[in-house]
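Commentary on secondary and tertiary structure
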Amino acid sequence: MSYQGLIYLSSVAILFSASSVALSMEKVVQSNVQATMHVETLVLGSGCFWGAEKRYEALNGVIDAESGYADGNGFKATYSNITNQSRRFDEDNYAEVVQVTYNSNIISAKELLENYFESHDPTQKNRQGNDVGTQYRSIILTTTTEQAKVAKQVKSQYQQLLTQAEYGTIATIIKPLDTFYAAEEYHQNYLEKNPNGYCPDHSTGVVFNKKPPEQVDNSALLMGKQIVVLDSREYCPYCEKFKSAVANDYKGSIAMSFRHADQLQGLTIKSATWATPTILFLENGTEVYGRQGYASPEAFYKALGAFKLGDSEAYKVAFNSKTDRAYCKEYKIFKNTPDGTFVDKLSGEPLFDTRDRFNSGTGWLSFTHPIKSSVTEHDDSSWGMTRIELRSKSTGIHLGHLFPGEGPRGTDRYCINATVLEFIPRD
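What you see is a predicted model, and the numbers here were worked out from it, not measured in a lab. (Residues numbered from 1 in each chain as written. Predicted model: local features only at pLDDT ≥ 70, side-chain atom pairs only at ≥ 80, totals over all residues. Heavy atoms only, no water.)

So, the packing of aromatic side chains
- Counted under the stated rule, the structure contains 20 aromatic pairs.
- Each ring, one from phenylalanine 117 and one from tyrosine 158, has its centre 5.5 Å from the other, and the planes form 35°; the classification is tilted. Of this pair, phenylalanine 117 sits in helix α3 (residues 109-118) while tyrosine 158 sits in helix α4 (residues 145-164); the two residues are 41 residues apart in sequence, bridging distant segments of the chain. The pair formed by phenylalanine 117 and tyrosine 158 is uniform in burial state, with each residue classed as buried.
- An angle of 50° between the planes, with centres 5.2 Å apart, marks the rings of phenylalanine 281 and phenylalanine 307 as tilted. In this pair, phenylalanine 281 is assigned in strand β15 (residues 278-283) and phenylalanine 307 in helix α7 (residues 297-309), connecting sequence segments 26 residues apart. (Phe/Tyr/Trp six-rings, centres within 6.5 Å; stacked < 30°, edge-to-face > 60°. Helix = DSSP H or I, 4+ residues; strand = E, 2+ residues; numbered from the N terminus. Buried < 20%, exposed > 50% of the residue type's maximum accessible area, 1.4 Å probe, protein only.)

Remarks on unusual backbone geometry
- The peptide bond linking threonine 276 to proline 277 adopts the cis configuration, its omega dihedral lying at -5°.
- Positioned with a positive phi, aspartate 71 is a non-glycine residue whose angle comes to about 65°.
- Here aspartate 71 is to be found in the loop between β5 (62-70) and α2 (79-82).
- Owing to a relative accessible area of 24%, aspartate 71 belongs among the partly exposed residues under this scheme.
- Even without glycine at this site, tryptophan 383 takes up a positive phi of about 60°.
- For tryptophan 383, a relative accessible area of 57% corresponds to the exposed category.

Here we look at α4
- Over its 20 residues, α4 extends 29 Å from the first C-alpha to the last, a length consistent with the 28 Å expected when each residue adds 1.5 Å.
- Taken residue by residue, α4 has Gln147, Ala148, Val150, Ala151, Val154, Tyr158, Gln159 and Leu162 as its buried positions.
- Contact partners of the buried residues in α4: β4 (39-46), β6 (95-103), α3, β9 (138-142) and β10 (173-176). (Expected span 1.5 Å × (residues − 1). Contact = heavy atoms within 4.5 Å.)

Regarding the confidence of the model for the chain
- Confidence along the chain averages 89 in pLDDT terms, with 90% of residues attaining 70 or more.
- Scored below 50 in pLDDT, residues 1-31 shows 83 contacts in the model against residues more than four places distant or in partner chains. (pLDDT = per-residue confidence, 0-100.)

Here we look at the sheet that holds strand β20 (residues 365-367)
- Taking strand neighbours across the sheet as the criterion, the 6 strands line up as β19-β20-β24-β23-β22-β21 in an open arrangement whose pairing is antiparallel. Two strands bound the open sheet, and with one partner strand each, they are β19 (357-358) and β21 (375-380).
- Where strand β22 (residues 387-392) meets strand β23 (residues 398-403), 4 bridges bridge the pair, whose relative direction is antiparallel. Counted as the bridge partner of arginine 391 is histidine 398 from β23. (Pairing = 2+ DSSP bridges.)

Regarding the sheet that holds strand β25 (residues 421-425)
- Strand order across the open sheet formed by 3 strands is β18-β17-β25, with antiparallel pairing between neighbours. Looking along the sheet, the strands with just one partner apiece sit at the ends: β18 (350-353) and β25. Adjacent strand axes in the sheet meet at a mean angle of 35° when their direction is disregarded.
- Pairing analysis gives 5 bridges linking strand β17 (residues 340-344) to β25, with the strands arranged antiparallel. What sits directly across from valine 343, in β25, is glutamate 422. (Axes fitted to C-alpha atoms, helices over the stretch in contact; angles between N-to-C directions.)

Thoughts on the packing of α7 against helix α8 (residues 313-320)
- Following both chains from N to C, one finds α7 and α8 inclined at 165°, their axes separated by 9 Å at the closest point. Judged on the interaxial angle alone, α8 and α7 are roughly antiparallel. Seen along the crossing, α7 lies across α8 with a hand that is left-handed. Two secondary-structure elements touch here, α7 through Tyr301, Lys302, Gly305, Ala306 and Leu309 and α8 through Ala314, Tyr315 and Phe319.
- When the residues that make up the contact of α7 with α8 are grouped by side-chain class, the tally is 6 nonpolar, 1 polar and 1 charged. (Parallel < 35°, antiparallel > 145°, perpendicular 65-115°, else oblique. Left-handed = near helix turned anticlockwise from the far one by under 90°. Nonpolar A, V, L, I, M, F, W, Y, C, P; charged D, E, K, R; others polar.)

In structure tokens, the structure reads:
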């Protein structure tokens, strides 16, 4: 008996190593990746931009910080122009600002703005310490309506703290960003280029009451093969779609865990973490492969199949519609198991019951029928024959064929490849 067919899936390119079961998987560049992106920008002015740029870049979750100019008009935004003595008190002067690009799945706008207020004295108008002029004004330039809402809330909360500490009224301006102009190259990463550069600390010492960081135990993720799904703290429609389509019904033997992007301590992650969902396949705490964005059941199980099965006969049977050798070792193990259930090797979904198993004498596992609604039937005209192919409903992997009337007393025979099954004894 031979089985052949093709189940093709283009969501991931998979390269198998001939020397071991270990595999390397190459990410496919996709258009229209269904993921919630968490890359945002805020433009912040708090006096001299040299130290501010360095401080933001040191925050976990900040992708980039760039010095520049914003919120001015009437002339070209350059350092020599904004520092011209004639514009020292010009209300149309540009402010020295830093454009902060951040992963909001790691650091929220609220956390970033709390750091911003704590890092300077926002009660000073058009100055910070000895740096006097409109270019040094305290200003928050938002790029989303949600940022503007959060900025006003954080400002109000900080005002209460400053008042308790006997400071005056916050002078920070909050408005939408119009245009950001990058500063000259010599200003970028200035303190790295000039270790002795001048940029004083004008913070008030008044800080928000911060909660201790959430502790997550990742010790279990350091052992063996694991699946980690990056979830969002905020609503992510593609995360919910993945949970509904895949995760909620997943029963596979490789554990699936959910983490936020700032809960990956102790793990070696190569993929960017600013999109949710991102699915990470780990081995002993190190990422083997990462898939960004929503994965359909078909795409997820194709990737999981490569990760779990490697370059094995089971993989070829599952995804290339190959056939086990008659009387293969898995068949010999499974033909006489105790009472229990045979499940899909990838999803863990029950497929066949030992109570429906019989010895067909063919060398392949045979059953009179599957567990209800667990398999799907498909026309198969390969090898010049007309047959009924059987696939797992949960994963779409190839299972075998249905031969009507070839079972005991004229019942059907479901001829199944043992290599794509796992056995679970009945409790």
